[in-house]
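Examining the three-dimensional arrangement
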Amino acid sequence: MLYFTHRRDPRRTDDLAVGWGSNSQYRTKFHRFYDDPDGLHLNWDGAQYLEDGYRASEQDANADLPLERRRELLLHRYFVIAPLPADEDKGDWFPYGDRLTLRTATWPLEADAVLPDPGH
């Protein structure tokens, strides 16, 4: 599953603009992934900043997913390092609420790669 992607044949994709009717692609906000002198900003509009020590709430859609796996989904848009979760074929993960700013995109992340939350 490739997240944050509307369509990429023949690969399976998941995006918020899919499945909401004929106009959904045009009424869904863009995912903002960009870099600037302050770092690499992944999903800038996400609600949960995945800093070191982040603790998921019970309402968090990805509460069962370890922090490193959530960061992996943001950086690569799919699972690339560790084995796929047993339920990956369901496509039930929801990385759209997470955000992160990195100094570098080298994986696995270096100890100082995650920057403090720059805010919105």
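Computed from a prediction, not measured in an experiment: that's the story for all the values here.

The next point concerns the overall build of the chain. If you tally the helices and strands in the chain, you get 2 helices and 6 strands. Of the regular secondary structure in the chain, the N- to C-terminal order runs β-β-α-β-β-β-α-β. Split into buried and exposed, the 120 residues of the chain put 38% on the buried side. As displayed, the chain has an accessible area near 7700 Å², and 50% of this comes from carbon and sulfur atoms.

Below, the discussion takes up the packing of aromatic side chains. The tally for this structure, following the rule as stated, stands at 5 aromatic pairs. Seen in terms of ring centroids, Phe79 and Trp93 are 6.4 Å apart; in terms of plane orientation they differ by 80°. Their pairing is edge-to-face. Taken together, the positions of Phe79 in the loop between α2 (67-76) and β6 (98-102) and Trp93 in the loop between α2 and β6 put the pair 14 residues apart, joining distant regions of the chain. The burial state of Phe79 is the same as that of Trp93; both residues are buried. An angle of 75° between the planes, with centres 5.0 Å apart, marks the rings of Phe94 and Tyr96 as edge-to-face. Judged by relative accessible area, Phe94 falls into the partly exposed class, the value being 38%. Of the residues examined, Tyr96 reaches a relative accessible area of 8% and is grouped as buried. Connected via pairs of aromatic rings, a cluster forms that spans Phe4, Phe33, Phe94 and Tyr96. Across from the ring centre of Tyr78, 4.5 Å away, lies the NZ or CZ of Arg11, which sits over that ring.

This paragraph deals with the side chain of Asp60. Among the secondary structure elements, Asp60 is positioned in the loop between β5 (48-49) and α2. Separated by 3.0 Å, the side chain of Asp60 and the backbone nitrogen of Asn62 make a polar contact. One polar contact links Asp60 to Arg70, side chain to side chain, over a distance of 3.0 Å. With near-sequence residues (within four places) excluded, Asp60 lies in contact with Gln48, Tyr54 and Arg70.

To continue, consider the pairing of β6. Counting buried positions along β6 gives 5 out of 5 residues, so the element sits mostly inside the fold. Of the two faces of β6, the one carrying Asp98, Leu100 and Leu102 and the one carrying Arg99 and Thr101 are both buried. Alignment of strand β4 (residues 39-42) against β6, held across 3 bridges, turns out to be antiparallel. By the bridge assignment, Leu42 is partnered in β6 with Leu100. Of the strand pairs in this sheet, β5 and β6 are connected by 2 bridges, and their pairing is parallel. Bridge assignment links Gln48 to a residue of β6, and that residue is Asp98.

What counts, and where the lines are drawn
Residues numbered from 1 in each chain as written. Predicted model: local features only at pLDDT ≥ 70, side-chain atom pairs only at ≥ 80, totals over all residues. Heavy atoms only, no water. Helix = DSSP H or I, 4+ residues; strand = E, 2+ residues; numbered from the N terminus. Buried < 20%, exposed > 50% of the residue type's maximum accessible area, 1.4 Å probe, protein only. Areas by Shrake-Rupley, 256 points an atom, 1.4 Å probe, with all protein chains shown as cover. Phe/Tyr/Trp six-rings, centres within 6.5 Å; stacked < 30°, edge-to-face > 60°. Lys NZ or Arg CZ within 6 Å of the ring centre and 35° of its normal. Polar contact = N/O pair within 3.5 Å; in protein donor to acceptor, adjacent residues only side chain to side chain. Contact = heavy atoms within 4.5 Å. Pairing = 2+ DSSP bridges.

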